[in-house]
Amino acid sequence: MPDEISDLRFFCILAAAGSIAGCARAMGLSPAAMSRRLSTMEARLGTRLVTRTSRHFALTAEGQRLHEHAVRIMQEVEEAEAELTARAGIPRGLLRVGVPSEIGRKMLAGVVAAFVEQYPEVTVQLTLSDAGLDVIDDGLDIAIRPGRPPDQEVMTTSLINSRRVVCASPDYRDRKGLPATPHDLLKHDCICLIRRQRIFNEWVYFDGKARKEVQVTPRLATSSSEVVHDWAVSGRGIALKVLWDIADDLKCGRLIECLSTYRWEDVTLCAVYPSRTHLPSRTRLFLDFVRKELRQAYFGT
């Protein structure tokens, strides 16, 4: 049984890496050793699991079925180990965390490093991506994202909440002025975010208690929130950003808040994780640790 479990773990890593070379890097071994191990596994099972050439790597139909079973089995193994180690009070094991690039770089990287320093038996793999990570499809233990996902088959917990801010650089103000009302944004160069081919150009605000929105016409749009930030700082236009992204820029004057008399829609940073009966202790500890560190860093609580 240990050999079979080891093979399943290897196959999960191989599928996630998408290549023999990537698997070798992840496991700290040579590509030749990984190739031999795959061949041995295919010989034992009597079927080809991967179609691979110098330019192409893909799971066969049999490989895809094995991968689905392997992911589920490895999750159950990890949960069983976590339950046993939790009783001993020692969190350990692998934690896979996915987060958007800017949030990961600015807000989570340091927190993750502090977490593994406090819990040295836990290993964290931090994936940064603006492609819209899915906690199930991407094989993650936790996905951290702005807003709650529509999927009801996952669990969601709030980490921190913040307001959005309409902002521009002093250079943009000097060249083109600033809007006096939300409707004035229609006459300005706006910068918008793109997610899965959808342009987020409907900016929601509150006039008193009334919820309203202004549909801006973006002069620039990008799938990278970091590029939105850089364009705004360099004077390319007006952006709608979450306060936690630009608090330092506002303090030092790189950005100026516009339309501060209006309240713009809030956003909640959420942690999403698979709905499981027994949540590993390392996952619970990580969520509590991240929530505490972020609230202390951004709100002093």
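Each chain carries its own residue numbering, running from 1 in the written order of its sequence. Reporting of local features is limited, given that this is a predicted model, to residues whose pLDDT is at least 70; pairs of side-chain atoms are given and counted only at 80 or more, and all residues count toward the totals for whole chains, interfaces and linings. In computing side-chain values, all of the structure's heavy atoms are included and hydrogens and water are not.

Novice: Please clarify how the overall build of the protein should be interpreted in this entry.
Specialist: Helix and strand counts for the protein stand at 9 helices and 15 strands. Using a 1.4 Å probe on the protein chains alone, a residue whose accessible area is under 20% of its type maximum counts as buried, one over 50% counts as exposed, and one in between counts as partly exposed. Scored against the burial criterion, the 301 residues of the protein give a buried share of 41%. Only the protein chains shown count as cover for residues, and all accessible areas are computed by the Shrake-Rupley method using a 1.4 Å probe. Carbon and sulfur atoms form 49% of the exposed surface of the protein, whose accessible area is close to 16,200 Å². In this charge count, Lys and Arg are treated as positive and Asp and Glu as negative; neither His nor the chain ends contribute. A charged residue contributes its charge at one atom only: NZ of Lys, CZ of Arg, CG of Asp or CD of Glu. Averaged over its 41 positive side-chain charges, the protein has a centre that lies 2 Å from the centre of its 38 negative ones. Put simply, DSSP marks the helices as runs of H or I at least four residues long and the strands as runs of E at least two long, and each gets a number from the N terminus on.

Novice: Sorry if this is basic, but what is going on with the domain arrangement of the protein here?
Specialist: Where the parts come together, the accessible area they lose is often given as the size of the interface. Partitioning the protein into domains gives domain 1 (4-78), domain 2 (93-159 + 269-299) and domain 3 (161-267). Distance between the C-alpha centres of domain 1 and domain 2: 26 Å. Residue ranges for the domains originate in an automatic or database domain assignment.

Novice: Please clarify how the state of the cysteines should be interpreted in this entry.
Specialist: Put simply, a disulfide is two cysteine sulfurs that come within 2.5 Å. Under the criterion given, the structure shown has 0 disulfides. In this structure Cys 167 is a free cysteine whose sulfur lies 6.9 Å from that of Cys 258, the closest cysteine sulfur available.

Novice: Is there a simple way to think about the sheet that holds strand β9 (residues 202-207) in this case?
Specialist: In a beta sheet, neighbouring strands pair by backbone hydrogen bonds and run either parallel or antiparallel. The strand order across the open sheet built from 3 strands is β10-β9-β14, with neighbouring strands paired in antiparallel fashion. Every interior strand has two partners, whereas the edge strands, β10 (210-215) and β14 (263-264), have only one. The pairing criterion for strands is at least two bridges between them, as found by DSSP. As defined by bridge partners, β9 adjoins β14 across 2 bridges and the pair is classed as antiparallel. Counted as the bridge partner of Phe 206 is Arg 263 from β14.

Novice: Even after reading the chapter, I still don't get the packing of aromatic side chains, so can you show me in this structure?
Specialist: Geometry of an aromatic ring pair is reported as the spacing of the ring centres plus the angle between the planes. Between rings of Phe, Tyr and Trp, where Trp is taken as its six-membered ring, a pair exists when centres lie within 6.5 Å; planes separated by under 30 degrees are stacked, by over 60 edge-to-face, and by other angles tilted. In the structure shown here, the tally under the stated rule is 5 aromatic pairs. Plain terms: the ring middles of Phe 115 and Tyr 119 are 5.0 Å apart, the flat faces sit at 45° to each other, and that makes the pair tilted. The exposure class assigned to Phe 115 is buried, which follows from its relative accessible area of 0%. The interplanar angle of 90° and the centroid separation of 5.7 Å between the aromatic rings of Tyr 205 and Tyr 262 together place this pair among those described as edge-to-face. One end of the pair, Tyr 205, is in strand β9; the other, Tyr 262, is in the loop between β13 (256-258) and β14, with 57 residues separating them in the sequence. Just as Tyr 205 is buried, Tyr 262 falls in that class too. Within the aromatic cluster, the residues linked to one another by ring pairs are Phe 115, Tyr 119, Phe 286 and Phe 289.

Novice: Is there a simple way to think about the nonpolar core in this case?
Specialist: In plain words, nonpolar cores are sets of buried Ala, Val, Leu, Ile, Met, Phe, Trp, Tyr and Cys residues tied together by side-chain atoms within 4.5 Å. Within the largest apolar cluster, 28 residues are counted, with the highest numbers of intra-cluster contacts made by Met 107, Ile 142, Ile 144, Trp 244, Leu 269 and Phe 286. Mapped by element, the contributors of at least two residues to this core are β3 (93-99), α5 (101-118), β4 (122-128), β5 (142-146), β6 (154-168), β15 (266-274) and α9 (281-299). Mapped onto the domain boundaries, this core takes at least three residues apiece from domain 2 (93-159 + 269-299) and domain 3 (161-267). In this description, contact between two residues means that some pair of their heavy atoms is separated by no more than 4.5 Å. Each residue touching Trp 244, except ones within four places of it in the same chain, is listed here: Ile 103, Met 107, Ile 160, Ser 162, Val 267, Thr 268, Leu 269 and Tyr 298. Counting 17 residues, the second largest nonpolar core, distinct from the first, contains Cys 12, Leu 14, Ile 20 and Ala 70.

Novice: Mind showing me how you'd approach the packing of α5 against α9 here?
Specialist: In a packed pair of helices, the relevant descriptors are the angle between the two axes and the axis-to-axis distance. As a packed pair, α5 and α9 sit with axes 10 Å apart at the nearest point and diverge in direction by 130°. What the angle tells us is that α5 and α9 run oblique. The two elements α5 and α9 meet at a crossing, and its hand is right-handed. Mapping the contact onto sequence places Lys 106, Met 107, Leu 108, Val 111, Val 112, Ala 114, Phe 115 and Gln 118 in α5 and Arg 282, Leu 285, Phe 286, Phe 289, Val 290, Glu 293, Leu 294 and Tyr 298 in α9. Residues were grouped as follows: Ala, Val, Leu, Ile, Met, Phe, Trp, Tyr, Cys and Pro as nonpolar; Asp, Glu, Lys and Arg as charged; and all remaining residues, including Gly, as polar. Looking at the contact of α5 with α9 residue by residue, the classes come out as 12 nonpolar, 1 polar and 3 charged. Comment: axis = line fitted to C-alpha atoms, over the contacting stretch for helices; angle = value between 0 and 180 degrees taken between N-to-C directions. What sets the label is the angle itself: under 35 degrees gives roughly parallel, over 145 gives roughly antiparallel, 65 to 115 gives roughly perpendicular, and the rest give oblique. Should the near helix be turned anticlockwise from the far one by less than a right angle, the crossing is left-handed, and should it be turned clockwise, the crossing is right-handed.

Novice: Please clarify how the packing of α5 against helix α7 (residues 225-233) should be interpreted in this entry.
Specialist: Between α5 and α7, the least distance of the axes is 7 Å, while the angle of their chain directions is 75°. One finds that α5 runs roughly perpendicular with respect to α7. Contacts between α5 and α7 involve Ser 101, Glu 102, Arg 105 and Lys 106 on the former and, on the latter, Ser 225, Glu 226 and His 229. Of the residues assigned to the contact of α5 with α7, the class counts are no nonpolar, 3 polar and 4 charged.

Novice: Explain α5 here, please?
Specialist: Note: α-helices contain 3.6 residues per turn, so residues at a spacing of three or four share the same orientation. The terminal C-alpha atoms of α5, which comprises 18 residues, lie 24 Å apart, in line with the 26 Å expected from a rise of 1.5 Å per residue. At Leu 108, α5 is bent by approximately 55°, the largest bend along its length. Regarding α5, the residues found buried are Ser 101, Glu 102, Ile 103, Gly 104, Met 107, Leu 108, Val 111, Val 112 and Phe 115. Take the number of residues in a helix, subtract one, and multiply by 1.5 Å to get its expected span. Bend is computed residue by residue as the angle between axes fitted to the seven residues ending at the residue and the seven residues starting at it.

Novice: Which parts of the structure should I look at to understand the pattern of salt bridges?
Specialist: Any two side chains of opposite charge can pair, so long as their charged atoms come close to each other. The term salt bridge refers to a side-chain nitrogen of Lys or Arg lying within 4 Å of a carboxyl oxygen of Asp or Glu. Enumeration over the complete set of coordinates arrives at 20 salt bridges. In this structure, the salt-bridge partner of Asp 174 is Arg 173, at a minimum N-O distance of 3.2 Å. In the salt-bridge network here, residues are joined through shared partners; they are Glu 102, Lys 106, Lys 241 and Asp 245.

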